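Below are the chains, spelled out letter by letter.
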Number of protein chains: 2
Amino acid sequence: MNTDKITSFFNLGVSVTLVIYGFEEGQLKVFTQKISKNPYAGAWSFPGKLIKSDESLEDAAYTMLDEAIGNTKPYIEQLNAFGKITRHPLGRVIDVTFYSLINMKSDVKSYRADKESKWVHVPKVPELAYDHNEMLNLAMLRLRRRLINRPIGFKLLPAEFTLGELQALYEEILGHELDKRNFRKKVTKLNILLTKGHETTDNPGRKPRLFSFDPEKYANYMEQGF
Amino acid sequence: MNTDKITSFFNLGVSVTLVIYGFEEGQLKVFTQKISKNPYAGAWSFPGKLIKSDESLEDAAYTMLDEAIGNTKPYIEQLNAFGKITRHPLGRVIDVTFYSLINMKSDVKSYRADKESKWVHVPKVPELAYDHNEMLNLAMLRLRRRLINRPIGFKLLPAEFTLGELQALYEEILGHELDKRNFRKKVTKLNILLTKGHETTDNPGRKPRLFSFDPEKYANYMEQGF
DNA sequence: TCAAAAGTGTTTCCCTTACACCCATGC
DNA sequence: GCATGGGTGTAAGGGAAACACTTTTGA
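All values derive from a computational prediction rather than experimental measurement.

Student: How would you summarise the interface of chain A and chain B if you had to cite specific residues and measurements?
Tutor: It is common to report an interface's size as the accessible area lost on association of the parts. Listed by partner, the interface residues are 31 residues for chain A and 31 residues for chain B. Counting every contact that joins chain A to chain B gives zero salt bridges. In this assembly, chain A and chain B are joined by eight residue pairs in polar contact (both at pLDDT 80 or more). Counting residues per element, the side of chain A that touches chain B draws most heavily on strand E5 (residues 75-82) of chain A, at four residues. For the side of chain A that touches chain B, the class distribution of residues is 16 nonpolar, eight polar and seven charged.

Student: Break down the protein's contact with DNA strand D for me, citing the residues and quoting the values.
Tutor: What surrounds DNA strand D is a group of 16 residues, the closest being Lys180(A), Lys185(A), Gly205(A), Arg206(A) and Arg209(A). Protein-adjacent atoms of DNA strand D, using a 4 Å cutoff, are sugar or phosphate at a proportion of 28%. One nitrogen or oxygen atom from the side chain of Lys180(A) is found 2.6 Å from a base nitrogen belonging to DNA strand D. One of the backbone nitrogen or oxygen atoms of Gly205(A) is found 3.2 Å away from a base oxygen of DNA strand D. Going through the elements one at a time, helix H5 (180-190) of chain A together with helix H5 (180-190) of chain B are the ones with two or more residues in the surface near DNA strand D. Grouping the amino acids of the surface near DNA strand D by side-chain chemistry returns two nonpolar, three polar and 11 charged.

Student: Tell me about a positive patch on the surface, and please be specific about residues and values.
Tutor: The grouping of Lys180(A), Arg181(A), Arg184(A), Lys185(A) and Lys189(A) at the surface amounts to a positive patch. Take Lys185(A): it is sitting in helix H5.

Student: For the protein's contact with DNA strand C, give the residues involved together with the corresponding values.
Tutor: In the vicinity of DNA strand C, 15 residues are found, and the nearest of them are Asn182(A), Lys180(B), Arg181(B), Lys185(B) and Arg209(B). Near the protein, within 4 Å, the atoms of DNA strand C are sugar or phosphate in 30% of cases. The backbone of Arg206(A) places a nitrogen or oxygen atom 3.4 Å from a base nitrogen of DNA strand C. The contact in question runs from a phosphate oxygen of DNA strand C to an N or O atom on the backbone of Arg209(B), over 2.8 Å. Breaking the surface near DNA strand C down by element, the ones donating at least two residues are H5 of chain A together with H5 of chain B. Along the lines of polarity and charge, the residues of the surface near DNA strand C split into two nonpolar, three polar and 10 charged.

What counts and what doesn't
- Residues numbered from 1 in each chain as written.
- Chains lettered and ligands numbered in written order.
- Predicted model: local features only at pLDDT ≥ 70, side-chain atom pairs only at ≥ 80, totals over all residues.
- Heavy atoms only, no water.
- Contact = heavy atoms within 4.5 Å.
- Salt bridge = Lys/Arg side-chain N within 4 Å of Asp/Glu carboxyl O.
- Polar contact = N/O pair within 3.5 Å; in protein donor to acceptor, adjacent residues only side chain to side chain.
- Helix = DSSP H or I, 4+ residues; strand = E, 2+ residues; numbered from the N terminus.
- Nonpolar A, V, L, I, M, F, W, Y, C, P; charged D, E, K, R; others polar.
- Near = heavy atom within 4 Å.
- Patch = residues over 30% accessible without salt bridge, like charges linked within 9 Å, V, L, I, M, F, W, Y side chains within 5 Å.
- Areas by Shrake-Rupley, 256 points an atom, 1.4 Å probe, with all protein chains shown as cover.
- Lys, Arg positive; Asp, Glu negative; His and termini not counted.
- Charge placed at Lys NZ, Arg CZ, Asp CG, Glu CD.

Right, here's the structure in full:
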């Protein structure tokens with residue numbers, strides 16, 4: 001392999017796109033940005049950018065997460081590579097898509113001043129630029145599967161949460177209701193919850209207990225699944 | 001976005017690599033090729049190549065499958081994108097890896113004359129070039145998961161097979177033995193088998209029944225899982 | 001008749017599911 | 001005291017797992 005011979009292959013780009021999930025007021029939301037440049041000026045899309053040749057895919061994803069919400073700590077997982085020839089109108093760009101789960105209260109430190117952005121409830125996501133709707137469809141399938149097999153939903157919640165909130169999260173993402181007693185039985189049997197006292201909001205009704213995770217057991221399940 | 005501005009991003013390559021699985025004599029095998037060029041001359045690797053800017057990822061994968069075994073029909077599924085900066089010694093190459101399941105008897109039409117190749121029993125796979133061992137590890141995890149959730153193992157077997165062969169395939173891939181009666185109960189309950197008569201080999205012992213699939217029910221399970 | 005592989009049922013256990021009422025709190 | 005949401009147990013059904021012997025065939 002010599003340099004001349006391979007030059008012809010190096011006329012394409014690789015981008016990384018991020019589907020960032022958040023959970024707020026009982027709704028699963030994704031982070032979208034308004035595009036300012038043609039041919040998609042005015043359209044909404046997920047954050048994405050071409051990567052440089054000295055940047056790994058993961059680094060690019062974390063950098064973009066930092067640009068989007070001012071934080072590189074949240075969970076990121078590779079979703080899929082999208083490689084249709086015509087997926088980018090200005091040239092050949094292959095996209096490696098990641099998705100991220102963040103807590104909208106504690107993980108969001110800042111938004112970019114130079115881009116209009118908003119969180120959109122997933123069922124209300126409009127037509128997006130590029131093939132980003134296709135990415136979202138795939139990301140939703142993955143998220144539902146992961147939610148069933150791994151303790152991943154916790155990453156969308158604050159450090160302390162009630163079982164009611166956890167159940168609402170599951171119901172919202174899975175798209176159907178769950179039996180309260182069965183849900184609690186299943187979760188508590190996993191033994192990954194630590195009691196943290198009681199909530200002190202001024203909602204009507206009995207004060208729910210707050211829980212957080214046993215980080216070690218949590219880590220085990222993340223690797224091996226339930 | 002103008003052309004000048006993005007030129008700096010277009011100095012990397014994208015390759016597609018194929019982990020091709022076959023099953024022969026009770027062993028799960030992968031297809032490997034000997035590399036003839038430095039810096040990996042003499043080393044073994046999976047088939048892979050840089051893609052051109054007018055070639056989709058899937059097309060490249062099928063083309064490579066054709067080059068490897070002379071057939072573009074078998075099952076292919078995207079595995080992962082590998083993007084470490086140093087993964088290719090000669091430049092920045094991001095790899096999108098696919099894996100394929102073929103029947104070594106009926107799907108292999110021809111091998112390339114210009115490349116030395118061989119099928120290697122997975123536990124005996126040596127150190128491979130690039131990050132191909134890492135790819136194999138990930139491909140094995142995926143294959144095991146798929147085998148449990150989808151009727152995917154059938155793709156490694158001939159069109160007609162015995163339940164003993166099917167069970168041996170599962171045991172080989174999952175790495176542990178299965179109870180014969182429970183295995184048969186589970187498989188027959190799926191209702192995807194069609195009886196095809198009896199084997200006519202001259203092995204000792206009772207002649208096993210041959211089965212094939214009901215393609216429609218098979219397709220359903222492929223989409224939705226068990 | 002023996003060696004080799006195919007084929008076949010039942011029981012136990014646990015997990016899943018369905019289902020309804022009392023408890024604590026603020027107003 | 002009532003409205004609001006939190007919290008709890010039990011019974012039935014279904015799938016998973018454990019377990020051993022008989023059948024067919026060729027040599």
